[in-house]
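# Tertiary structure, described
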Amino acid sequence: MTTKPKPKKTMAAPTDKLSIIIKSLLLRGGNEAGTAKKKNTTTINQAESEYFATTTSAASYDDESSGSDDDYNPTPSLPPPPKSKLNPSKLIPTHLSLHIKYSHGEFYTTRKRQSSFDSSLITQLMVAGFIPISTKNRLMPKLHNYRCIINLQQSDLLNSSASSLHIPRSIRKKSKRYTVSINTSFHGVVKGCHAQHGVNWLWPKIVDVFRELYDATLTGDGTSTPLYRPDATSNFNLGSSSSSKSIPIRLYSVELYNTTTNNLVAGELGYTVGSIYTSLTGFTSESSAGSVQLAVLGKLLTRSGFTHWDLGTAFEYKQRLGAVMIEREEFLRLLYEVRQDAKNEDCVLSLPSEKGSSCSAKAMIDSVS
């Protein structure tokens, strides 16, 4: 009696970019000796790294102004800083080491999946300098090898005598087509980010936490988070013991509207810890709108008293705004010195009170800070 050959197992067609990358790497790895679970886990981690590398840059806009700007004066391209010799696990603050561990590349992960989307953990990660991003079911905080920073005020920490924010004349001209608002359309900004970038790391579970922080911001108080005392044994003053001092975390949506169509054409999500504003992610659906939105935001941050603007991953358009790259260890030193400075305890991002709920983008860009 002849037996029918067993049908070959086939992988279901992937439905998203992460699945496509994972499938590609698994097929590539399947041709090599050994397909143990450990190897597959490593491969999936590699897939996540490749995926995040292309989709998780703070305030990343795809259509930003080209070098054709008539006053285009980019910050000189800086070489990548030397790779840190420190074990990445050593950069986890003591009080967070029970909750997160080093994973791979620039990524960390929670030790327990069920605690991944706890808002108190996410705010502590924000205070400690991690960008809180996630996969579908697990938090994957990111600590960049180097950070893109704009100094907004005179700063001894960055040896700056003035703000480094630079707004090209071409952007000033284009800004007359737009109005800007703050915290009027969280859902609209999330929808715009999903439309441009896909779900990516902005999965529903982490969006829910961001919404919780956003709602607390609308009350004016933000989310109070303990500020940990410096650890004398650490090279980077990473927090170790609890302090009676706390600091509010505020999460914002920044919106840019076309005055002719009244459509939301650019926006971003970002959060503040003391006097540092961090851009999380953004979108643009109209040429130059993203550049205008960033320029207006820079002016608003300066006017509101913020000392530094953390833009995450370095891109040329960020350098044109005046950003510089600083090494991870230098960024952490800056972060904790600013956090501990009593003069920089808290800043609130807002429009001028006389402008109401929205204002002209050009008027804000042309205003004297």
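Report on the accompanying structure.

Cut-offs applied
- Residues numbered from 1 in each chain as written.
- Predicted model: local features only at pLDDT ≥ 70, side-chain atom pairs only at ≥ 80, totals over all residues.
- Heavy atoms only, no water.
- Salt bridge = Lys/Arg side-chain N within 4 Å of Asp/Glu carboxyl O.
- Helix = DSSP H or I, 4+ residues; strand = E, 2+ residues; numbered from the N terminus.
- Buried < 20%, exposed > 50% of the residue type's maximum accessible area, 1.4 Å probe, protein only.
- Pairing = 2+ DSSP bridges.

### Points about the pattern of salt bridges
Here the structure, examined in full by the defined rule, presents six salt bridges. One salt bridge in this structure joins Asp310 and Arg147, with 3.0 Å as the shortest N-O distance. With Asp310 in strand S9 (residues 308-312) and Arg147 in strand S3 (residues 146-151), this residue pair connects regions lying 163 residues apart in the sequence. The buried category is assigned to Asp310, whose relative accessible area is 1%. Two residues, Lys362 and Asp366, come together in a salt bridge whose shortest N-O distance is 2.6 Å. Placement of both Lys362 and Asp366 in helix H10 (residues 361-366) is noted, with a separation of four residues, approximately one turn of the helix. With relative accessibility at 39%, the residue Asp366 sits in the partly exposed group.

### Here's the deal with the pairing of strand S1 (residues 100-104)
Here four bridges tie S1 to strand S2 (residues 107-110), and the two strands are oriented antiparallel to one another. Bridge assignment links Lys101 to a residue of S2, and that residue is Thr109. Hairpin remark: S1 followed by S2, antiparallel, with two residues in the connecting loop; positive phi at Gly105, about 55°.

### As for the pairing of strand S7 (residues 264-273)
Burial within S7 is extensive, with ten of its ten residues counted as buried. As defined by bridge partners, strand S6 (residues 246-258) adjoins S7 across nine bridges and the pair is classed as antiparallel. Paired with Val254 across the bridge in S7 is Glu268. Between S6 and the antiparallel strand that follows it, S7, lie five residues; Asn262 among them carries a positive phi value of about 65°.

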